[in-house]
Amino acid sequence: MSEKQKLIHTGHYLMTNQLAWGTSGNISSRVDEKTMLITASGTFMGDLKEEDFVLFDLEKEKNLSERKASKETPMHTGIYKTRPDVQAVIHSSPFYTTLFACSKEPILANLFIENFYYLENIGYVDYYHPGTRDLGEAIAEEAKKSDVIMMRNHGVVVMDSSISEAVMRIEALEMTCRMIITAKSSGVELHSLPDYKVTEFLEESLYKPRVKR
Ligand SMILES: [Zn+2]
């Protein structure tokens, strides 16, 4: 599967699983050290076409294609420049995640396996208008220590070593937020695992190798 086809498939998956909606959100993947593929401006996440991507020069911050790149491009370039290990970035605003981004409610990371693993390093950035250089810079700074960055009153951006791992990260986040809200509204008391058990899992479990920041 080509890189574009993977992104098309991902957009469709995100949409059908309520991890993205409409034209909100954008996805990208690294082509090499200097370039990325990113969705063009105004594209519909669930119905991406081959021509809906632009090739973008990360160093010169220059669009190498005819179409206009997503307005959130500075956020993606900031991440790839700060994090050479990152191969894919997803930005979207799923319902429950965005509810948390619009509140001061903490996101627990001691609930279940994927939750421990994918949400170990949640970061936060304040609200900046979309597409601004300030937002790009704040995200790039936070990406030094986080793989999941909650954007206040906006949504989330996740990054990973592959597009499928980035999907796992956003799905674990949305599921966690939904679980916390559902528990609160239904009166179910959540049982958190003690910190030492979560640390033990991260350091010693056979699940997946831990990526330390
Ligand atoms: Zn946005």
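Our subject is the structure that appears above.
It should be emphasised that the depicted structure is a prediction, and the values quoted were computed from it without experimental measurement.

(A) Quick peek at unusual backbone geometry. Phi is positive for Glu61, close to 50°, though the residue is something other than glycine. If you trace the backbone, Glu61 turns up in the loop between strand 3 (53-57) and strand 4 (62-63).

(B) Looking closely at the side chain of Glu165. Among the secondary structure elements, Glu165 is positioned in helix 6 (residues 163-186). Residue class for Glu165 comes out buried when judged on its relative accessible area of 17%. Once residues lying within four places of it in the same chain are set aside, the contact partners of Glu165 are Tyr117, Tyr118, Asp160 and Lys208.

(C) Looking closely at helix 5 (residues 133-142). Of all the residues in helix 5, the buried ones are Leu135, Gly136, Ala138, Ile139, Ala140 and Glu142. Of the surrounding elements, those touching the buried residues of helix 5 are helix 2 (73-82), strand 6 (122-125), strand 7 (148-151) and strand 8 (155-160).

(D) Representation of the sheet that holds strand 5 (residues 88-92) in the model. The strand order across the open sheet formed by 8 strands is 4-3-2-1-5-8-7-6, and the pairing between neighbours is mixed. Edge positions in the open sheet fall to strand 4 and strand 6, since each of these has one partner strand only. Two strands pair when backbone bridges link them, and strand 7 and strand 8 are joined in this way by 4 bridges, in the antiparallel orientation. Bridged to Met151 within strand 8 is Gly155. Relative to the sheet, helix 2 contacts strand 1 (26-30), strand 2 (35-39), strand 3, strand 5, strand 7 and strand 8, its axis offset from that of strand 1 by approximately 30°.

(E) A look at the pattern of salt bridges. Scanning the model with the defined rule gives 15 salt bridges in all. For Lys184, the salt bridge is made with Glu105, and the minimal N-O distance between the two is 3.1 Å. Here Lys184 is found in helix 6, whereas its partner Glu105 is found in the loop between helix 3 (95-101) and helix 4 (113-118), with 79 residues between them in sequence. On the accessibility criterion, Lys184 (52% relative accessible area) is exposed. One salt bridge connects Lys144 with Glu141, and the closest N-O pair in it is separated by 2.9 Å. A single network of salt bridges, built from pairs that share partners, joins Glu61, Lys81 and Arg133.

(F) Spatial organisation of the coordination of the zinc ion. Around the zinc ion, the protein contributes the donor atoms Glu72 (OE), His91 (NE2) and His154 (NE2), which lie 2.0 to 2.1 Å from the metal centre. Within one chain, the residues donating to the zinc ion are spaced in sequence as E-x18-H-x62-H. Here the residue Glu72 occupies a position in the loop between strand 4 and helix 2, and His91 occupies one in strand 5, the gap between them amounting to 19 residues. Here Glu72 matches His91 in class, with each residue buried.

(G) Here's a closer look at a nonpolar patch on the surface. A cluster of nonpolar side chains, namely Val31, Leu55 and Leu64, defines an oily patch on the protein surface of about 230 Å² accessible area. Tracing the sequence through the fold places Leu55 in strand 3.

(H) Molecular detail of the nonpolar core. Counting 37 residues, the largest nonpolar core has Leu14, Ile90, Ile107, Met150 and Leu173 as its most contacted members. Here this core takes 8 residues from helix 6, the largest share from any one element. Once you skip the residues sitting within four places of it in the chain, Met150 turns out to touch Thr97, Phe100, Ala101, Ile107, Ile122, Gly123, Tyr124, Val125, Gly155, Val156 and Leu173. In this structure, Val89, Ala138, Ile149 and Met159 belong to the second largest nonpolar core, which totals 21 residues.

(I) Structural context of the packing of aromatic side chains. Within this structure, the stated rule accounts for 5 aromatic pairs. Ring centres 5.2 Å apart and planes at 75° place the aromatic pair Tyr117 and Tyr207 in the edge-to-face group. Placement of the pair is Tyr117 in helix 4 and Tyr207 in the segment after helix 7 (195-204), with a sequence separation of 90 residues. You can call Tyr117 buried: its relative accessible area is 12%. The exposure class of Tyr207 is partly exposed, given its relative accessible area of 29%. Both rings, one in Phe201 and one in Tyr207, keep their centres 5.9 Å apart while their planes meet at 40°; by these two values the pair is tilted.

Analysis parameters
- Residues numbered from 1 in each chain as written.
- Predicted model: local features only at pLDDT ≥ 70, side-chain atom pairs only at ≥ 80, totals over all residues.
- Heavy atoms only, no water.
- Helix = DSSP H or I, 4+ residues; strand = E, 2+ residues; numbered from the N terminus.
- Buried < 20%, exposed > 50% of the residue type's maximum accessible area, 1.4 Å probe, protein only.
- Contact = heavy atoms within 4.5 Å.
- Pairing = 2+ DSSP bridges.
- Axes fitted to C-alpha atoms, helices over the stretch in contact; angles between N-to-C directions.
- Salt bridge = Lys/Arg side-chain N within 4 Å of Asp/Glu carboxyl O.
- Donors = N, O, S within 2.8 Å, 3.2 Å for Na, K, Ca; no water.
- Patch = residues over 30% accessible without salt bridge, like charges linked within 9 Å, V, L, I, M, F, W, Y side chains within 5 Å.
- Areas by Shrake-Rupley, 256 points an atom, 1.4 Å probe, with all protein chains shown as cover.
- Core = buried A, V, L, I, M, F, W, Y, C linked by side-chain atoms within 4.5 Å.
- Phe/Tyr/Trp six-rings, centres within 6.5 Å; stacked < 30°, edge-to-face > 60°.

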